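Topology and contacts: notes
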Amino acid sequence: MTIRKLSLAVALACASQAHAANTNFDVFTPLTGSAGVTATPATPITLSSPNFSQVTIADRATQNNQTPGSNSGSWDMITANETGANAGRYLFMPFETGTGGVQRIDLHDANYNTRAVTIVAPGTQGFVSGDASRWTPWGGYLTGEESWGAGSSKGRLFEVTNPTTATANGGNFVQRSVVPHVSHEGLAFDNAKSLYFVDELNGGSIYKYVSANPNAVNGNDYFAAGQTFTLRVGAGGQFEGNNGPAITGGSSWVAITDVNGGAIAGVSSVLLDGSIDGRTTADHASILGTGYNRPEDLEIQTLSNGNQAMYFATTDSDNNGNSADGRGRVYTLNLTTGDVALFADSNTIDLATGLAVGSGWKNPDNLAIDAEGNIYIIEDRNGSEDDDIWFAKDINKDGDLLDAGEGVGRWASNGTPGSEFTGLYFDKFNPNVAYVNIQHPADGIDRTMQITAVPEPETYAMLLAGLGLIGAAARRRK
């Protein structure tokens, strides 16, 4: 708690000097390799700076000891209550299991045994493979099922409409059926409050839902009517695969529903419950959505030129079908111009060596953005072998890593056998705090880790001196 308070004080000092977004997470020395087996499961992360620290703030064993059977595990992507009363107080994440659910962590609760509570019980409404995690503009919590295929009833998007006030198992869990069924992972809202999502599949498409009421103050109104589109790059119909070039260039959005979310006659594939199959509709001959190889997470940021860019990872894409020399890509989609560009792959410069990252780069999955707009790329790999978080150094924030001195560097590495990193999330109210999950470890004890950064000693001295000057100025004004 002392670190959090001091970091907040530093942040306030910086804010007074028009530097509210400053973070210390970008001051590190890139790791040269992945971590081996951790000696202590409660502190499993090899960090790239002595000024970073880690602590477990919740774990599955404790949850089930307190309330047996309440937590099915495989804790996935993280978000917080970013708006409203007590903004930033709670973390939310779904369970990516055959009996999915949702839990909430109260960061203000000092009692380790009570701070985490399941608000959507495992298996509610047949929920499975919970993965997606996003706070909404109106103050709800969205998650979705990373499970979809022919004949399936899954692939659904859900909202918890009372995320901060729900008691144990008391979350109001509402399916938002206007959004087509796909294998959900990444979710992101742009400045116009359009919702972007993916179909996590080898050959999956990128989608956009445009609400008829984008400024709605609740999910019922936002999802009452709206149109869904799929991304078509160039002529469309491509399949990125694991042995082909990156799919880039000009793009367009092609409607796969009508303006109310209903079927387009002769185009949209309608399911038994009346909702739309996003996957088969995107593949229709009149649509030709572009198929990326396992598109996963999404993040949106504003570039230095004022345009919004959406980043998305394609986990299994490759140049030659040989993962031994690296696999996976991260793309940018300029939401203003429609241009799709390659952001990072195995040919990107490794900041630790000055050479192409090559075999060290495998299966980028989750994405995250810190307070300064830096992009972090999280691998879907094996803990204690080669599961890393990469920092993307985009010096001029132009959405590429092609300028001198730019590239990627290992920022953290996971040492827990049988697990993977997932859900990296940077605190929106403290630029020097982040959270990440250790998912499905071999010992069965999922963990939520808090990572904290503090300034280097000389920076601390300068900032504290600044605080003193601010205080003196305040006294003089009295």
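Below is a short write-up of the structure.

Reading the values: the criteria
Residues numbered from 1 in each chain as written. Predicted model: local features only at pLDDT ≥ 70, side-chain atom pairs only at ≥ 80, totals over all residues. Heavy atoms only, no water. Helix = DSSP H or I, 4+ residues; strand = E, 2+ residues; numbered from the N terminus. Rg over C-alpha atoms; globule rule 2.2 N^0.38 Å. Buried < 20%, exposed > 50% of the residue type's maximum accessible area, 1.4 Å probe, protein only. Contact = heavy atoms within 4.5 Å. Areas by Shrake-Rupley, 256 points an atom, 1.4 Å probe, with all protein chains shown as cover. Lys, Arg positive; Asp, Glu negative; His and termini not counted. Charge placed at Lys NZ, Arg CZ, Asp CG, Glu CD. Pairing = 2+ DSSP bridges. Salt bridge = Lys/Arg side-chain N within 4 Å of Asp/Glu carboxyl O. Polar contact = N/O pair within 3.5 Å; in protein donor to acceptor, adjacent residues only side chain to side chain. Phe/Tyr/Trp six-rings, centres within 6.5 Å; stacked < 30°, edge-to-face > 60°.

**A short note on the overall build of the protein**
Broken down by element type, the protein carries five helices and 28 strands. Taking 478 residues into account, the globule formula puts the C-alpha radius of gyration at 23 Å, and the protein, at 22 Å, falls close to it. Judged by the C-alpha coordinates and their principal axes, the protein covers about 70 × 50 × 50 Å. Residues counted as buried form 57% of the 478 residues belonging to the protein. Of the contacts made within the protein by residues no fewer than 6 positions apart, 58% connect residues no fewer than 24 positions apart. Working note: accessible area of the protein is about 17700 Å², and carbon and sulfur atoms make up 52% of it. Taking the average place of the 28 positive charges on the side chains of the protein and the average place of its 50 negative ones, the gap between the two points comes to 9 Å.

**Details of the sheet that holds strand β9 (residues 157-160)**
Judged by pairing direction, the sheet is antiparallel, and its four strands sit side by side in the order β7-β8-β9-β10 without closing on themselves. Either end of the sheet is taken by a strand with one partner, and the two such strands are β7 (134-135) and β10 (173-175). Strand direction decides the pairing type here: strand β8 (residues 141-144) and β9, joined by four bridges, are antiparallel. Each bridged residue has a counterpart across the sheet, and for Y141 the counterpart in β9 is V160.

**Focus on the pattern of salt bridges**
All chains considered together, the criterion is met by 13 salt bridges. Two residues, R156 and E145, come together in a salt bridge whose shortest N-O distance is 2.9 Å. Of this pair, R156 sits in the loop between β8 and β9 while E145 is found in the loop between β8 and β9, placing the two residues eleven residues apart along the sequence. Given the relative accessible area of 10%, R156 is considered buried. For E145, a relative accessible area of 0% gives the class buried.

**Focus: the side chain of D394**
If you trace the backbone, D394 turns up in the loop between β24 (388-393) and β25 (407-414). Here D394 sits buried without a salt bridge, and the closest side chain of opposite charge, K397, lies 6.3 Å off (N-O distance). In terms of polar contacts, D394 uses its side chain to reach the backbone amide nitrogen of D398, at 3.2 Å.

**Looking at unusual backbone geometry**
Positive phi values are uncommon outside glycine, yet S74 reaches one of about 50 degrees. Residue position: S74 is located in the loop between α2 (60-66) and β3 (79-80). Even without a glycine there, the phi angle at K397 is positive, about 50 degrees. Position of K397 relative to the elements: it lies in the loop between β24 and β25.

**Some words on the sheet that holds strand β5 (residues 102-106)**
The strand order β3-β4-β5-β6 describes an open sheet built from four strands, whose pairing is antiparallel. What marks the edges here is a single partner per strand, and that holds for β3 and β6 (116-120). Note that β5 and β6 share four bridges and pair antiparallel. Note that in β6 the partner of Q103 across the bridge is T118.

**So, the pairing of strand β12 (residues 195-198)**
Side chains L195 and F197 of β12 all project onto a buried face; the interleaved residues Y196 and V198 project onto the opposite face, where all are buried too. Pairing of strand β11 (residues 187-189) with β12, which is carried by three bridges, proceeds in the antiparallel orientation. Its bridge partner being in β12, A188 is matched across the sheet by Y196. Here β11 folds back onto β12, and the loop between the two strands holds five residues, one of which, K193, carries a positive phi near 70 degrees. Inspection of the sheet shows β12 paired to strand β14 (residues 206-211) by four bridges, in the antiparallel sense. Within β14, the position partnered with V198 by the bridge is I206.

**Side note on the side chain of T422**
Within the secondary structure layout, T422 lies in strand β26 (residues 420-426). Only 2.9 Å separates the side chain of T422 from the side chain of D76, close enough to count as a polar contact. Contacts of T422, omitting those with residues within four sequence positions, involve W75, D76, M77, N366, V436, N437 and Q439.

**Section: the environment of S251**
Within the secondary structure, S251 sits in strand β16 (residues 249-255). Accessibility expressed as a relative area gives 22% for S251, which makes it partly exposed. The spacing of S251 and G423 is 172 residues in sequence and 29 Å in space, taken between C-alpha atoms. Other than its neighbours up to four places away in sequence, S251 contacts L231, R232, V233, G234, L333, G338 and V340. One polar contact links the side chain of S251 to the main-chain carbonyl oxygen of G338, over a distance of 2.5 Å.

**Notes on the pairing of strand β22 (residues 364-369)**
Taken across its six residues, β22 has six buried, putting it largely inside the fold. Two strands pair when backbone bridges link them, and β22 and strand β23 (residues 375-379) are joined in this way by five bridges, in the antiparallel orientation. Bridged to I369 within β23 is I375. Hairpin connection of β22 to β23: five residues between the antiparallel strands, including G373 at a positive phi of 85 degrees.

**Some details on the environment of T336**
Along the chain, the position of T336 falls in the loop between β20 (329-334) and β21 (339-344). Once residues lying within four places of it in the same chain are set aside, the contact partners of T336 are N307 and Q308. One polar contact links T336 to N307, side chain to side chain, over a distance of 3.3 Å.

**Quick word on the packing of aromatic side chains**
Applying the stated rule across the entire model yields 29 aromatic pairs. A ring pair is formed by F25 and F52, whose centres lie 5.5 Å apart and whose planes are at 70 degrees; its orientation type is edge-to-face. One end of the pair, F25, is in the loop between α1 (2-16) and β1 (45-47); the other, F52, is in strand β2 (residues 52-59), with 27 residues separating them in the sequence. In this structure F25 comes out as buried when scored by relative accessible area, which is 0%. With a relative accessible area of 7%, F52 lands in the buried category.

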